[in-house]
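For reference, the chains in residue letters:
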Amino acid sequence: MGSFMIAVCMGLYYWFARLRFGYTFSGMLLQPVCVAVVVGWLFGDMTQAMIIGAGVQLVYLGVTSTPGGNVPSDPALAACIAIPIALQTGMEPNLAVALAVPFGILGVFVDQIRRTTNAFWIHMADKYAEEANTKGIYRCAFLYPAILGFIIRFPIVFISTYYGETVVSKILDILPQWLTHSFEIMGGILPALGFAITIMVIGKKKLIPFFIMGFFAVKFLNISVMAAAIFGTCIALLYKGTSLSGGAEA
Amino acid sequence: MGSFMIAVCMGLYYWFARLRFGYTFSGMLLQPVCVAVVVGWLFGDMTQAMIIGAGVQLVYLGVTSTPGGNVPSDPALAACIAIPIALQTGMEPNLAVALAVPFGILGVFVDQIRRTTNAFWIHMADKYAEEANTKGIYRCAFLYPAILGFIIRFPIVFISTYYGETVVSKILDILPQWLTHSFEIMGGILPALGFAITIMVIGKKKLIPFFIMGFFAVKFLNISVMAAAIFGTCIALLYKGTSLSGGAEA
Amino acid sequence: MGSFMIAVCMGLYYWFARLRFGYTFSGMLLQPVCVAVVVGWLFGDMTQAMIIGAGVQLVYLGVTSTPGGNVPSDPALAACIAIPIALQTGMEPNLAVALAVPFGILGVFVDQIRRTTNAFWIHMADKYAEEANTKGIYRCAFLYPAILGFIIRFPIVFISTYYGETVVSKILDILPQWLTHSFEIMGGILPALGFAITIMVIGKKKLIPFFIMGFFAVKFLNISVMAAAIFGTCIALLYKGTSLSGGAEA
Amino acid sequence: MSENSTISKITKKDISKVWIIYYLGAELSNSYERLQSLIFCTSMIPVLKKLYTTKETLSEALKRHLNFFNTEGIFGTIIHGISVAMEEQKSNGENVPDSAITGIKTGLMGPVAGMGDSIVWAGIMPLIIGIFLPFAMEGSSMGGILPLVSYTAITLIISYALCHKGYKLGRESILNLLQDGRVKELINSASILGLFMMGALSASYINITTPLEINVLEGSPIVIQEILDSMAPGLLPLVAVFGIYGFLKKKGPRYNIILSSIIVISIVASILGIL
Amino acid sequence: MSENSTISKITKKDISKVWIIYYLGAELSNSYERLQSLIFCTSMIPVLKKLYTTKETLSEALKRHLNFFNTEGIFGTIIHGISVAMEEQKSNGENVPDSAITGIKTGLMGPVAGMGDSIVWAGIMPLIIGIFLPFAMEGSSMGGILPLVSYTAITLIISYALCHKGYKLGRESILNLLQDGRVKELINSASILGLFMMGALSASYINITTPLEINVLEGSPIVIQEILDSMAPGLLPLVAVFGIYGFLKKKGPRYNIILSSIIVISIVASILGIL
Amino acid sequence: MSENSTISKITKKDISKVWIIYYLGAELSNSYERLQSLIFCTSMIPVLKKLYTTKETLSEALKRHLNFFNTEGIFGTIIHGISVAMEEQKSNGENVPDSAITGIKTGLMGPVAGMGDSIVWAGIMPLIIGIFLPFAMEGSSMGGILPLVSYTAITLIISYALCHKGYKLGRESILNLLQDGRVKELINSASILGLFMMGALSASYINITTPLEINVLEGSPIVIQEILDSMAPGLLPLVAVFGIYGFLKKKGPRYNIILSSIIVISIVASILGIL
Ligand SMILES: OC[C@H]1O[C@H](O)[C@@H](O)[C@@H](O)[C@@H]1O
Ligand SMILES: OC[C@H]1O[C@H](O)[C@@H](O)[C@@H](O)[C@@H]1O
Ligand SMILES: OC[C@H]1O[C@H](O)[C@@H](O)[C@@H](O)[C@@H]1O
């Protein structure tokens, strides 16, 4: 395949994965190990691509979107940029990852754009609902976001794959450090919005201490998420028994 | 003492200890350190016997019977076979223990036989109760299990002590690995029966999360049994206070 | 400044800090780092004094008075004796601290005298209250304890600073080991009195398991005081919700 | 279910349609303003068109489901199932007020999100990637293909089952449950678990630290982050969550203000070096 | 106790007999079918013979105490004491239905087993062995004799005291406690503790792991046990407990089937290499 | 507050006087017999003199506040504020029985002590010393001066705010709270936290271990402390607390006996080498 077509394919892949078509399916498509399969296939060197992909994956293990849909960093963008470069230049995977991390961070901002602009379609859908125009609603839910997504997603990956390392480095040189760092900060804070929304939505003020307990159980006692889930379930069952049915009797 | 008499004594000891005459008394008689005292006395070398016994004990620290009476492995059988052999052949205690462990596992099966056959006597006692024959009930509770126990317990230890290492090794050679391993698995699973019975018997479905919490408190937080007992007591007292007397007021 | 005046100043400082005039202010005055500032200023060698003071501080980090006002050991006395000696003789700070620790322990006893004799003034105040003599009550609360405090606090520091290491060593030689050790034991037990009083004063027998849980949460799980405070707050809020308002509804 | 089948207009296939539409688009149109409300409404279309045949009633129904909605897309399908059942009962003339439907949706979406996010995303996903990672490390494409296939398959099965389960629940018992208060109890339990899990997740997902140091003296700077950590680890993330929460509580869901504030704060803090 | 002494036929010695018979034989006749019911009945003989003098009533009483029973043999003696007191009151003509006696026995035996097993067997026993182990290591027979003597002595004292305590409780207050519901409360608390301790014990006593590995690729096998552990440590033991529990709940106490299943599973799993 | 101001005789300055007197002398006159009762009474003088103008009523009020009192001196000022408000209402002729005032004081002082001791003394103080310790290590007097200034300042601000807050609370709502039982609820919550914190603190503040060893055999002594620790760490401290607590419960606040006992035990144990 010509390098143009390869770049197009990569751009399309990134666009499609980030479209989030298919909730968990796309969630996995975004992971570096999946990106690596595509890169390996396009560049004809599966083994190398997978090894590099595994390395990038380790940096982003389990990062996709956090509660509320906020993206703390974009593993797919990082992978789509780093793996091809590492493969072509024989760069050490570590170095390629270092190169890519700022782009993962940049992805935070791009995703903010998507989710902000998505507000258009919901307003549009409000009108269609008024007219009971279901076709229109479908379009708002799928078509329009896809088109807009293409515009904001495709170019960056296409360019970085087509022009390769030199252009990527140049982009990095242009971006001032304070800007990338501010994206990094943003990526750290954004998830807090999702958690705040969820607390809001659950809406039981008196139960908020459970949130605090979960938070510090992890911070102080270093328990895993699974452990939290198990203890949380037990507590939820027992607390209910207590407060509502007035005792532990069946 | 002649080696025949010694073998008889060891066989009797094993039978008596495994009879479980005297609830905690026999529970301790089964421990390798106690077996070692008898071996040391019979063979006239207390010091060596005790040192070997201590080694075997470390493998079985605190193993007797688990809740519900299931035996995950038989420390007494292991000790009765390993200590004499180690003493006579000057074998390293470690090696003797390795030799004995399969027998400890075998003990799982022998004990299952005992507890299955013990069902005879309870049925017999049902009839005696019908006739108000208290003497008969006494015999069912003590005499008959003791006689049966003699038959299934005495021979193995007698033989292994009398013929020593060669015969023991031969027995081990005959037993196929899959069989001893299946006893091992059995010893691992059996205790689950006892726990299931106890949960059953306690019978409060709504409180089962406490079981789960106890289980994972040990698994995830590595707390000791004493710690579990202390926290468990506090929780039990406080949960009660809450659910039944409607408040923490005295 | 002459060494006499220096000794007077040190004695006065110790007296004043131990007077506990100004609740948290005096609490901090008692700390070795603050004693060091005074010593450094009096002896004209701030740098050295502070370094030694920091060393002594590490031994007594956070020790002032425990709940109920009992003093497990007296960091101020230890500091007032150790720092000048170390400064003058060039003794290693470690050694000076070792010299001072017995005096810190001695302080336990001296403080017991203070708090026992303070009972005089409260009885006196009872009488003044009868006569509505508010001036008298003020005197009982401030003046008399200050005077008595001077008598029991000033001399020891004055002497040890004036005569220096030789006298201090001599005092230590005179004190039999069993006596200093018994002060040490006393310092270890005394805080228990304060805790017992507080439990007493809180007075909710049914809630005592929370005390036990706090105790063993620290002992078994090694959580910090802050962690205890956070989890404790959550539990307190949730337990209340349960037991009194009959549910978790707002 | 058989005894009700005379009045059931909704087929198994209809429910599956709801499910797959939601699955495909759950995140696609997610916006800061109303998150998943657009896709929720969209996924209900096949059912609503069947139940409401006049333009007015259909429009009403569509608007009802364009309300704020957000949950985890796999576990959340149980809410779709319940909603379908309630809409059906409503259209059959039973007394199901709008507020009951919206109430169930709103009551369940938070707790379910809490559980789903922790199990589906923080639990299953890294587990599956981890299992097959060795393949990737050895250069096999299976390291990417197997996670994709198995994660998608597992989550599809769960969400499919829950969606139908939700419908059954909704048809058979939701009204009874609503009446005798057991739904409240259930939501309460679920809320506890949801909040607890959200707390646990936020501990690792929110990442705010300060590089600030105060240099009063040469060589021994006071590191602010260390002081914060010695008070309690994770103070800044917690302040962020409850800061935003407090804002939402007081000023309502003005996400744009929050977002712009986060951007401004990030840039300013980056330039000043305080975050 | 003095005011009741006129109608007390049971002496301190009788209670001690009950206690010692139970102590001697608690495990001796333990069977899979009814565990300690035989020894419970046997230990009650001295008392029952005194209280019920006709053949019919004695036979009734004996059969009553051949019901399923199982508890920890040291802490459990408190149940014997209570039972003796209740039998005495019953034989004195007070209104003590059979179901009350069986109810107390059944209600207490589980929680008491949970506490006893953890304190007497998992707590005291290894503690005592451990204390004297250094003696054994240096070749002294004291390393075996002292544990035997001290463990036996300590546990005898505890069980003796609890048996008599139980009797006193049974005489003085059990009926009142039963009436005002405080026994229920007590059993509730005890059940919580019992279950919690059982959970804690089962974590170390049940031992099931799988050696299974899936070798899709050369050299990087998927180790099933590792995956299970990363989900939650101890999954297989927990499955075993609740599998058996579920069977018992549904099919009743058919221990023979369970036992044979365990044997068959063990052998098959051993041959196939899956456990 | 404005609507009540017509009948308010107490000015902000009066409350500040109460606060500063308590701050200055909280520990100064602390005695084993009644701990902080003397300073509590003293700190109330400026207010009491204003409210009670006859010798009899003033004397009554003074005696009322010489009752046993003890709390943490920073957080505790909230109790002063409340007490001032209640005294004011009482002197205004409202129905505030003596027992209500004493009750609030007694109810709050324990829990507040628990919280204050852990936060002000065990939390903030070592934190502040620790922050500035590097300065001391490098020989700067700031290592001593800054802790003194900042700790004093921070705690003064807290206690000042709480004292005035308490007064406001007392004026506005304490009587309502008392009536509808919410004060009880509050004290309950506070007690839980207080007890929990006291437990946590006692784990590190009480220090009792035994050097006892039993030497049955050459070279392998039985170390008693190890056995105690393997039962549960911290047994001796716990025994001490609950031993004293039990004594206080039974015999009342006879501190002199407790103190002398502690002294005697310490000396004897030191000589015999058992502690
Ligand atoms: O938090 C609930 C929910 O919020 C958003 O809609 C997305 O991030 C989902 O993946 C998430 O499950
Ligand atoms: O679990 C209760 C009980 O079950 C069986 O009877 C025996 O194992 C006892 O030792 C045990 O205490
Ligand atoms: O425990 C409450 C209280 O007791 C005493 O009065 C002093 O030790 C105070 O510092 C302490 O806060």
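Predicted, not measured: the structure shown is a model, and the values here were computed from it.

Student: Looking at this structure, how should I read the overall build of chain D?
Tutor: Each helix and strand in chain D was counted, giving 11 helices and two strands. Going residue by residue from the N terminus, the α and β elements of chain D occur as α-α-α-α-α-α-α-α-β-β-α-α-α. Expressed as lengths along the three principal axes of its C-alpha atoms, the size of chain D is roughly 85 × 55 × 35 Å. Counting across all 275 residues of chain D, residues that qualify as buried make up 59%.

Student: Even after reading the chapter, I still don't get the site of ligand 1, so can you show me in this structure?
Tutor: In the neighbourhood of ligand 1, 15 residues make up the surrounding shell, with Y23(A), G68(A), G69(A), N70(D) and D117(D) lying closest. Site remark: ligand 1 is flanked by residues from chains A and D. Within the contact set of ligand 1, an oxygen atom lies 2.8 Å away from a side-chain nitrogen or oxygen of Y23(A). By residue number, the principal contributor to the shell around ligand 1 is helix α5 (residues 98-137) of chain D, which donates three residues. Here the residues of the shell around ligand 1 are counted per class, giving four nonpolar, eight polar and three charged.

Student: What am I meant to see in the interface of chain A and chain D here?
Tutor: Where interface size is quoted, it is often the accessible area lost as the parts come together. Contact residues are listed per partner, giving 97 residues for chain A and 107 residues for chain D. Across the chain A to chain D interface the summed buried area is about 9600 Å²; carbon plus sulfur atoms make up 76%. For the pair chain A and chain D, the number of links is three salt bridges. One salt bridge in this structure joins R34(D) and D126(A), with 2.4 Å as the shortest N-O distance. Applying the counting rule to chain A against chain D returns 25 residue pairs in polar contact (both at pLDDT 80 or more). No other element matches the 19 residues that helix α9 (residues 177-202) of chain A contributes to the side of chain A that touches chain D. Of the residues contributing to the side of chain A that touches chain D, the split by class is 61 nonpolar, 26 polar and 10 charged.

Student: Even after reading the chapter, I still don't get the interface of chain F and chain C, so can you show me in this structure?
Tutor: The partner chain C presents 97 residues to the 106 residues of chain F that form the contact. Both faces combined, the contact of chain F with chain C buries some 9600 Å², and carbon together with sulfur accounts for 76% of it. Counting the surface chain F buries against chain C, the share from its top three residues, L28(F), Y32(F) and F196(F), is 9%. The tally of links from chain F across to chain C stands at three salt bridges. The interface formed by chain F and chain C holds 25 residue pairs in polar contact (both at pLDDT 80 or more) in total. Counting residues per element, the ones that place at least two in the side of chain F that touches chain C are α1 (12-25), α2 (37-51), α3 (55-64), α5 (98-137), α6 (142-172), α8 (182-205), α10 (235-251) and α11 (255-272) of chain F.

Student: Teacher, can you tell me more about empty space enclosed by the protein here?
Tutor: Empty space left among the atoms is revealed by rolling a probe the size of a water molecule over them. This model, assessed by the stated rule, comprises nine cavities of 30 Å³ or more. Roughly 1200 Å³ of volume is contained in the largest cavity. Around the largest cavity, the lining comprises 33 residues; the ones closest to its centre are M213(A), I235(A), M213(B), I235(B) and M213(C). Breaking the lining of the largest cavity down by element, the ones donating at least two residues are α10 (208-221) and α11 (225-245) of chain A, α10 (208-221) and α11 (225-244) of chain B together with α10 (208-221) and α11 (225-245) of chain C. In the lining of the largest cavity, the residues fall into 30 nonpolar, three polar and no charged.

Student: Would you mind showing me how to read the UniProt feature "transmembrane region" (unreviewed entry) in chain A here?
Tutor: Residues and elements named next belong to chain A. Using the residue numbers shown here, the UniProt feature "transmembrane region" (unreviewed entry) corresponds to residues 21-43, 95-113, 142-163, 183-203 and 210-239. Taken end to end, residues 142-163 is 100% helix and 0% strand, and its first and last C-alpha atoms sit 31 Å apart. Each end of residues 210-239 is marked by a C-alpha atom, and these two atoms are 11 Å apart; helix forms 90% of the span and strand 0%.

Student: Got a minute to help me understand the arrangement of the chains in this structure?
Tutor: The smallest C-alpha distance separating chain B from chain D is 13 Å, and no contact links them. In this structure chain C stays clear of chain E, and the shortest span between their C-alpha atoms is 13 Å.

Student: Explain the domain arrangement of chain A to me, please; I cannot follow it from the model alone.
Tutor: Taken domain by domain, chain A holds domain 1 (3-203) and domain 2 (205-250). Computed from C-alpha coordinates alone, the two centres of domain 1 of chain A and domain 2 of chain A are separated by 35 Å.

Student: Would you take a moment to explain the UniProt feature "transmembrane region" (unreviewed entry) in chain D for this structure?
Tutor: Residues and elements named next belong to chain D. In the numbering used here, UniProt assigns the "transmembrane region" (unreviewed entry) feature to residues 119-137, 143-163, 186-207, 227-248 and 255-274. When the span residues 186-207 is considered, its composition is 91% helix and 0% strand, and the gap between its end C-alpha atoms is 33 Å. In the segment residues 227-248, helix accounts for 86% and strand for 0%; the C-alpha atoms at its two ends are 29 Å apart.

Student: Even after reading the chapter, I still don't get the confidence of the model for chain A, so can you show me in this structure?
Tutor: Note: predicted coordinates in regions of low pLDDT should not be interpreted at a detailed level. Residue and element names in this part refer to chain A. Averaged over chain A, the pLDDT score is 87; the fraction of residues at 70 or greater is 94%. Element-level mean pLDDT values for chain A span from 76 in α11 up to 96 in helix α2 (residues 23-29). Every residue in residues 241-250 is under pLDDT 50, and counting partners more than four places away or in other chains gives 26 contacts.

Student: So what exactly am I meant to see when it comes to the packing of aromatic side chains here?
Tutor: Two measures describe an aromatic ring pair: the distance that separates the ring centres and the angle between the ring planes. Taken as a whole and judged by the stated rule, the model has 72 aromatic pairs over all chains. Pairing F150(C) with F154(C) gives two aromatic rings, centres 4.8 Å apart and planes at 20 degrees, and the pair type is stacked. Placement of the pair is F150(C) and F154(C) together in helix α7 (residues 134-163), with a separation of four residues, close to one helical turn. One residue, K105(E), lies across the ring of F40(E), its end atom 4.0 Å from the ring centre.

Student: Can you walk me through the site of ligand 2 in this structure?
Tutor: Contacts to ligand 2 come from 14 residues, most closely from Y23(B), G68(B), G69(B), N70(E) and D117(E). Near ligand 2, the surrounding residues are drawn from chains B and E. At a separation of 2.4 Å, an oxygen atom of ligand 2 approaches a polar side-chain atom of D117(E). Protein burial of ligand 2: of its 300 Å² of free accessible surface, 99% is covered by the chains.

Student: Would you explain the packing of helix α9 (residues 177-202) of chain C against α8(F) in this entry?
Tutor: Angle between the axes and distance between the axes: these two values describe a pair of packed helices. The geometry of α9(C) relative to α8(F) is characterised by a closest axis approach of 10 Å and an angle of 170 degrees between their N-to-C directions. When the axes of α9(C) and α8(F) are compared, the pair comes out roughly antiparallel. The residues of α8(F) that touch α9(C), namely those facing P191(C), F195(C), T198(C), I199(C) and I202(C), are S191(F), G194(F), L195(F), M198(F), L201(F), S202(F) and Y205(F). The residue inventory of the contact of α9(C) with α8(F), partitioned by class, reads eight nonpolar, four polar and no charged.

Student: Would you mind showing me how to read helix α5 (residues 75-89) of chain A here?
Tutor: Because each turn of an α-helix spans 3.6 residues, side chains separated by three or four positions end up pointing in the same direction. All names here are of chain A. Look at α5: 21 Å from first C-alpha to last across 15 residues, which is about the 21 Å you get at 1.5 Å a residue. Counting buried residues in α5 gives 13 out of 15 residues, a clear majority hidden from the surface. Sitting at the head of α5, D74 places a side-chain oxygen 3.0 Å from the backbone nitrogen of A76.

Student: Hey, could you run me through the domain arrangement of chain D in this one?
Tutor: The domain architecture assigned to chain D consists of domain 1 (3-196) and domain 2 (208-272). One C-alpha centre belongs to domain 1 of chain D, the other to domain 2 of chain D; they are set 35 Å apart.

Student: How do you make sense of the confidence of the model for chain D when you look at a structure like this?
Tutor: Residue and element names in this part refer to chain D. Chain-level statistics for chain D give a pLDDT mean of 89 and a share of 95% at 70 or above. This model gives residues 1-6 a pLDDT under 50, and the stretch forms six contacts once residues within four places in sequence are excluded. Scored by ipTM, the complex comes to 0.84, with pTM at 0.84.

Cut-off values and rules
- Residues numbered from 1 in each chain as written.
- Chains lettered and ligands numbered in written order.
- Predicted model: local features only at pLDDT ≥ 70, side-chain atom pairs only at ≥ 80, totals over all residues.
- Heavy atoms only, no water.
- Helix = DSSP H or I, 4+ residues; strand = E, 2+ residues; numbered from the N terminus.
- Buried < 20%, exposed > 50% of the residue type's maximum accessible area, 1.4 Å probe, protein only.
- Near = heavy atom within 4 Å.
- Polar contact = N/O pair within 3.5 Å; in protein donor to acceptor, adjacent residues only side chain to side chain.
- Nonpolar A, V, L, I, M, F, W, Y, C, P; charged D, E, K, R; others polar.
- Contact = heavy atoms within 4.5 Å.
- Buried area = accessible area lost by both parts, 1.4 Å probe.
- Salt bridge = Lys/Arg side-chain N within 4 Å of Asp/Glu carboxyl O.
- 1 Å grid on protein atoms, 1.4 Å probe; cavity = no way out; pocket = protein on both sides within 12 Å on 5 of 7 lines; lining within 4 Å.
- Points joined across faces, edges and corners; volume = space filled by probe spheres on them.
- UniProt positions renumbered as here; feature names shortened; annotations may be inferred.
- Domains from an automatic or database assignment.
- pLDDT = per-residue confidence, 0-100.
- Phe/Tyr/Trp six-rings, centres within 6.5 Å; stacked < 30°, edge-to-face > 60°.
- Lys NZ or Arg CZ within 6 Å of the ring centre and 35° of its normal.
- Areas by Shrake-Rupley, 256 points an atom, 1.4 Å probe, with all protein chains shown as cover.
- Axes fitted to C-alpha atoms, helices over the stretch in contact; angles between N-to-C directions.
- Parallel < 35°, antiparallel > 145°, perpendicular 65-115°, else oblique.
- Expected span 1.5 Å × (residues − 1).

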